[in-house]
Amino acid sequence: KNVMDLLNMYCQSVYLSTLMNPANQRGWSDLIAKDLMDKYHVFLAQLHVTVGLMKGHTWLPQPPRDALPTTNSTGGAAGASAAMGSKDRVHI
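Worth saying up front: this structure is predicted, and the values here are computed from it rather than measured.

Parameters at a glance
- Residues numbered from 1 in each chain as written.
- Predicted model: local features only at pLDDT ≥ 70, side-chain atom pairs only at ≥ 80, totals over all residues.
- Heavy atoms only, no water.
- Helix = DSSP H or I, 4+ residues; strand = E, 2+ residues; numbered from the N terminus.
- Contact = heavy atoms within 4.5 Å.
- Areas by Shrake-Rupley, 256 points an atom, 1.4 Å probe, with all protein chains shown as cover.
- Patch = residues over 30% accessible without salt bridge, like charges linked within 9 Å, V, L, I, M, F, W, Y side chains within 5 Å.
- Salt bridge = Lys/Arg side-chain N within 4 Å of Asp/Glu carboxyl O.
- Core = buried A, V, L, I, M, F, W, Y, C linked by side-chain atoms within 4.5 Å.
- Buried < 20%, exposed > 50% of the residue type's maximum accessible area, 1.4 Å probe, protein only.
- Phe/Tyr/Trp six-rings, centres within 6.5 Å; stacked < 30°, edge-to-face > 60°.

Q: How would you sum up the overall build of the chain? Please name residues and give values.
A: Helix and strand counts for the chain come out as three helices and zero strands. Each helix and strand of the chain, placed in order from N terminus to C terminus, yields the pattern α-α-α. The long-range fraction of contacts in the chain, counting pairs at least 24 apart against all pairs at least 6 apart in sequence, stands at 40%. Entry remark: accessible area of the chain is about 7,000 Å², with carbon and sulfur atoms responsible for 61%.

Pasting the structure below:
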């Protein structure tokens, strides 16, 4: 693996989970936490696209995990109505 692959892997697994941990966000205002996570997700998306371009592929970024509706046991979206009302999080 090259350096960009490793950077992408570390940013997706180690740094993202560290930043999303509520214990690590203690003392941050809601505005700062949301702004930091939004900017970090933009960085991750750009990094993912760049790694794909370096390999000669077109890789499209996935939406953040917290922006996806969760599915319940019947296979439907549990938060579909909530997701529909929150245009800034998910566009369906």
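Q: Can you tell me about a nonpolar patch on the surface, naming the residues and giving the values?
A: On the surface, Leu6, Met9, Tyr10, Val14 and Tyr15 cluster together to form a nonpolar patch covering roughly 450 Å² of accessible area. Its place among the elements puts Leu6 in helix 1 (residues 3-20).

Q: Which residues make up the nonpolar core, and what values go with them?
A: Ranked by size, the top nonpolar core spans seven residues in total: Cys11, Leu16, Met37, Tyr40, Leu44, Leu47 and Val51. Mapped by element, the contributors of at least two residues to this core are helix 1 and helix 2 (30-54). Here this core gets five residues from one element, more than from any other, and that element is helix 2. Not counting residues within four places of it along the chain, the set of residues in contact with Leu44 comprises Cys11, Gln12 and Leu16.

Q: So, the pattern of salt bridges: which residues are in play, and what are the values?
A: Pairing is possible between side chains of opposite charge, provided their charged atoms come close. Using the criterion set out here, one finds three salt bridges in the structure. Measuring nitrogen to oxygen at the nearest pair gives 2.8 Å for the salt bridge that ties Asp38 to Lys34. One end of the pair, Asp38, and the other, Lys34, are both in helix 2, four residues apart, so they sit about a helical turn from each other. Relative accessible area serves as the criterion here: at 38%, Asp38 is assigned to the partly exposed category. A relative accessible area of 46% places Lys34 in the partly exposed class. A salt bridge links Asp35 to Lys39, with the nearest nitrogen and oxygen atoms 3.8 Å apart. In this pair, Asp35 and Lys39 both sit in helix 2, four residues apart, roughly one turn of the helix. You can call Lys39 exposed: its relative accessible area is 55%.

Q: With reference to specific residues and values, describe the packing of aromatic side chains.
A: Tallied over the entire structure, the rule returns one aromatic pair. Taking the centre distance of 5.9 Å and the plane angle of 40 degrees together, the rings of Tyr40 and Phe43 count as tilted. Highlighted residues: Tyr40 and Phe43, both in helix 2, separated by three residues, approximately one helical turn. Owing to a relative accessible area of 35%, Phe43 belongs among the partly exposed residues under this scheme.

Q: Just give me the short version of the environment of Thr50, but keep the residues and values in it.
A: Considering the arrangement of structural elements, one finds Thr50 in helix 2. You can call Thr50 partly exposed: its relative accessible area is 34%. A C-alpha to C-alpha distance of 8.5 Å links Thr50 and Met4, two positions 46 residues apart in sequence.

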